[in-house]
Each structure stands twice: as C-alpha cells, then as structure tokens.
Amino acid sequence: MPFTIAIDGPAASGKGTIARALAAHFGFHHLDTGLLYRAVGARGGDPVAAARGLTAADLARDDLRSAEAGQAASRVAAIAEVRAELIVFQRRFARQEPGAVLDGRDIGTVICPGAEVKLYVTASDRVRAARRARELGADADEMLAQLRERDARDAARAVAPMRPAADAVLLDTSDMTIEAAFAVARDTVATRLGRG
Ligand SMILES: Nc1ncnc2c1ncn2[C@@H]1O[C@H](COP(=O)(O)OP(=O)(O)O)[C@@H](O)[C@H]1O
Ligand SMILES: Nc1ccn([C@@H]2O[C@H](COP(=O)(O)OP(=O)(O)O)[C@@H](O)[C@H]2O)c(=O)n1
C-alpha cells in the first residue's frame, strides 16, 4: 500500500520546502498542487476548460511563481468545476508506490482524507511575507497585503476552503529554521512508518 503525506497551509508557510525535503529523504514522489491552480490561472480564457486541458507544458511555464500568478491561481481555485477537474489527477498521483507527498490547501481535507500523515504548516503573516518578498525580490509590505488577500479568499471560499484537517499535526515555523521544521516533519513521518 502506498504511503501518502498531505501538507497544507497558507502561502509561503514553508509547505513546499518541507514537502520536497520529505520526498527526497523518504524516496517518495512529490506534487506541488498549487502549480496546477497557478497554471490554470496563467492560461487565461475559460478556467474550467483550462483545467480540463492542462498539459505538462502548462506546468513547465517559467512565470508560475510570480505574485500575479499566485493571485490568479487563488481566483480560479474558488471555482468548484475547476477543482473537480483536477481531483482525479491528484488522487492518482497520491497512490504511487512507495509513497507520495502532496502540498496545497485541501490535501488532508478533500484530496487525500485518508493520508497516513497530515501536516498543517503555518507561520505568522509577517514572517511569511518577509520570506516571499526575499524569494521574489519584492517589497515586504506589498507582499503582506497580497498574502492576506489571498489567504482570506482561500479560507472563505465555499468549496474546499483552506483549513487544517481534524487529524493534522500543526507546525508553526515562524521561529524555526528550515532544518528544524524539516526535522519535526521527518520525525512525524518516521514514527508513522514505524521507523521512529
Ligand atoms: N523555516 C523557514 N525559515 C526560513 N525560510 C523559510 C522557511 N521555510 C521556508 N522558507 C523560505 O520561504 C520561502 C517560501 O517557502 P515555500 O516552501 O515555497 O512555501 P509554500 O510552499 O508554503 O508557499 C522560500 O523562499 C523558502 O526557502
Ligand atoms: N491544493 C491547493 C493548492 C493551491 N490552491 C490555490 O492556489 C493558490 C496558489 O497556491 P500555491 O501553493 O502555489 O501558493 P504558495 O503557498 O506557494 O504561495 C492558493 O492561493 C490557492 O488559492 C488551492 O486552492 N488548493
């Protein structure tokens, strides 16, 4: 049986960093599900048709990490039909042997409710804005306003809102280094795998 790790949390909390490191450590597959929504937003036109016709080339675009692509992603992600188009791909990805790590907003609640490990990664909004500003070479105050807007939209939407699953382990990385946050995540997974 494949082992699934679900990692959710708000923008720039460190989900992707932890997910990539866990996948490398345990030899699991990794899917950054935010990239799917970013690619749908970036294609423009009818978002439902974009989600249905998403290709590998769409996911390989080099402009998906921008703040604008993040805002566009969050707008199309509120459309139920867009989310529905992306479910089958994500669930199939999650079932790969020997295991898979998926990070996003609704992995533990909707996509993989039966995941063996669920982490909900957070950090204060100021810390997250500073991290993202450094990463993109942007202004921290501008980033803070954008992240707050996106988090509010993601948490308030009717379909698959961003929230921790009832059985998620909460990990606040505000005062943690990347190494320290990874160590907690790694130990949580190792314990569940029976290697703790
Ligand atoms: N614990 C941490 N301490 C400092 N910087 C971090 C930490 N975790 C992640 N980062 C940095 O913050 C930025 C956002 O992290 P990322 O993993 O992309 O977040 P998310 O996937 O939640 O949007 C990246 O530049 C990453 O290197
Ligand atoms: N599983 C997911 C992943 C992302 N998203 C949406 O896609 C946007 C971009 O996600 P992301 O994970 O790439 O964003 P960051 O956390 O990296 O800033 C989010 O703001 C959500 O609106 C989602 O709704 N569900």
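Every chain begins its residue count from 1, and numbering advances along the sequence as written. The order in which chains are written sets their letters, starting at A; the order in which ligands are written sets their numbers, starting at 1. Thresholds applied to this predicted model are a pLDDT of at least 70 for local features of residues and 80 or more for the giving and counting of side-chain atom pairs; totals over whole chains, interfaces and linings are not thresholded and use all residues. Neither water nor hydrogens contribute to the side-chain values; these are computed over all heavy atoms in the structure.

What follows covers a negative patch on the surface. Surface patches are defined over residues having more than 30% relative accessible area and no salt bridge, joining like charges when they lie within 9 Å and nonpolar side chains (Val, Leu, Ile, Met, Phe, Trp, Tyr) when within 5 Å. Here the Shrake-Rupley method, with its probe set to 1.4 Å, supplies the accessible areas, and only the displayed protein chains count as covering residues. By salt bridge we mean one thing: a side-chain nitrogen of Lys or Arg within 4 Å of a carboxyl oxygen of Asp or Glu. The charged-residue count follows a simple rule in which Lys and Arg add positive charge and Asp and Glu add negative charge, with His and chain termini not counted at all. By convention, charge coordinates are those of NZ in Lys, CZ in Arg, CG in Asp, or CD in Glu. On the surface, E68, D139, D141 and E142 cluster together to form a negatively charged patch. A run of H or I in DSSP becomes a helix once it reaches four residues, and a run of E becomes a strand once it reaches two; helices and strands are each numbered from the N terminus. Within the secondary structure, D141 is located in helix α9 (residues 140-156).

Quick look at the site of ligand 2 now. Within the structure, ligand 2 sits among 18 residues, and R38, R83, R132, R150 and D154 are positioned closest to it. In the analysis that follows, any N or O atom pair within 3.5 Å is treated as a polar contact, provided that within protein one partner can donate a hydrogen and the other can accept it, and provided that, for residues neighboring in sequence, both atoms belong to side chains. The contact in question runs from an oxygen atom of ligand 2 to an N or O atom on the side chain of R105, over 2.9 Å. A distance of 2.6 Å is found between an oxygen atom of ligand 2 and a side-chain nitrogen or oxygen belonging to D154. A total of 530 Å² of accessible area belongs to ligand 2 in isolation, and the protein chains cover 97% of it. Only α2 (34-43), α5 (67-76) and α9 provide two or more residues apiece to the shell around ligand 2. For the shell around ligand 2, the element with the highest residue contribution is α2, accounting for three residues. Among the residues making up the shell around ligand 2, the classes are represented as five nonpolar, four polar and nine charged. Whether a residue is near a molecule or strand depends on its heavy atoms: if one lies within 4 Å, it is near. Under the convention adopted here, Pro, Cys and the residues Ala, Val, Leu, Ile, Met, Phe, Trp and Tyr are nonpolar, Asp, Glu, Lys and Arg are charged, and Gly plus all remaining residues are polar.

A few words on the site of ligand 1. Taken together, the neighbourhood of ligand 1 is formed by 13 residues, with K15, G16, T17, R132 and M176 sitting nearest. Note that an oxygen atom of ligand 1 is positioned 2.9 Å from one of the side-chain N or O atoms of R132. Protein chains shield 78% of the accessible area of ligand 1, which is 560 Å² for the free molecule. Listed by contribution, the elements that provide at least two residues to the shell around ligand 1 are α1 (15-26) and α8 (125-136).

So, about the UniProt feature "binding site: ATP" (unreviewed entry) in the protein. UniProt positions are given in the numbering used here, feature names are shortened, and annotations may be inferred rather than shown by experiment. In this numbering, the UniProt entry assigns the feature "binding site: ATP" (unreviewed entry) to G9, P10, A11, A12, S13, G14, K15, G16 and T17. With respect to the helices and strands, G9 occurs in the loop between β1 (3-8) and α1. The class for G9 is buried, based on a relative accessible area of 0%. If sequence neighbours within four positions are ignored, G9 has contacts with K15, G104, R105, Y120, V121 and M162. Residue exposure (1.4 Å probe, protein chains only): buried if accessible area is under 20% of the type maximum, exposed if over 50%, otherwise partly exposed. Note on contacts: a residue pair qualifies if any of its non-hydrogen atoms lie within 4.5 Å across the two residues.

Pairing within the open sheet is parallel, and its five strands lie in the order β2-β3-β1-β4-β5. Of all strands in the sheet, those bounded by a partner on one side alone are β2 (29-32) and β5 (169-172). Averaged over all neighbouring strand pairs, the angle between strand axes comes to 20°, with direction disregarded. Here four bridges tie β2 to strand β3 (residues 99-104), and the two strands are oriented parallel to one another. Paired with D32 across the strands is D103, a residue of β3. The pairing criterion is simple: DSSP has to find at least two bridges between the two strands. Angular values range over 0 to 180 degrees, each being the angle between N-to-C directions of two axes fitted as lines to C-alpha atoms, with helices fitted over their stretch in contact.

Within a regular strand, side chains alternate between the sheet's two faces. Within β1, six of the six residues are buried, which leaves it mostly tucked inside the rest of the structure. Across the two faces of β1 the burial is the same, with F3, I5 and I7 and T4, A6 and D8 all buried. Two strands pair when backbone bridges link them, and β1 and β3 are joined in this way by six bridges, in the parallel orientation. Note that in β3 the partner of T4 across the bridge is A100. As defined by bridge partners, β1 adjoins strand β4 (residues 117-122) across four bridges and the pair is classed as parallel. Looking across to β4, one finds that D8 is bridged to Y120.

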